[in-house]
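Chain residues, written in single-letter form:
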Amino acid sequence: QHLPVFQHDLDALTGDSQLTNSVYFDNTQMELYHGRLEKTPSAIAVRLRWYATEFPGSLIFVERKTHHDKWTGEMSVKERFTLKESQVMPFLR
């Protein structure tokens, strides 16, 4: 099974557009992916996210997002903290 992969022509990005990079984490059964796809109540996503900048050594956000449907009256929640690029691999180990 193949997940969608989006590739962008970086030379075509103009103006103040910002490139967002994300790496999502899941288990071998892809429970988090399917939970979000099927809109399971309180489905979560766990990811690393960073934004393209002109400066090396950018900050990486470690995020957990819990999805709630608007009709429930609950707001989706994004919890995150930052790591320096050099701290990511030691953190994941």
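The structure displayed is predicted, hence computed values, not measured ones.

## Quick look at unusual backbone geometry
- At M30, a residue that is not glycine, the phi angle is positive and equals roughly 55°.
- As for its position among the elements, M30 is in the loop between β1 (20-25) and α1 (31-37).
- Although it is not a glycine, S42 sits at a positive phi angle of roughly 60°.
- With respect to the secondary-structure elements, S42 resides in the loop between α1 and β2 (44-51).
- Residue S42 is classed as partly exposed on the basis of its relative accessible area, which comes to 40%.

## Digging into the pattern of salt bridges
- If you walk through the whole model with that rule in mind, you get three salt bridges.
- R47 is the salt-bridge partner of E63, the closest N and O atoms lying 2.5 Å from each other. In this pair, E63 sits in strand β3 (residues 59-66) while R47 sits in strand β2, placing the two residues 16 residues apart along the sequence. The pair formed by E63 and R47 is uniform in burial state, with each residue classed as buried.

Conventions and cut-offs
Residues numbered from 1 in each chain as written. Predicted model: local features only at pLDDT ≥ 70, side-chain atom pairs only at ≥ 80, totals over all residues. Heavy atoms only, no water. Helix = DSSP H or I, 4+ residues; strand = E, 2+ residues; numbered from the N terminus. Buried < 20%, exposed > 50% of the residue type's maximum accessible area, 1.4 Å probe, protein only. Salt bridge = Lys/Arg side-chain N within 4 Å of Asp/Glu carboxyl O.

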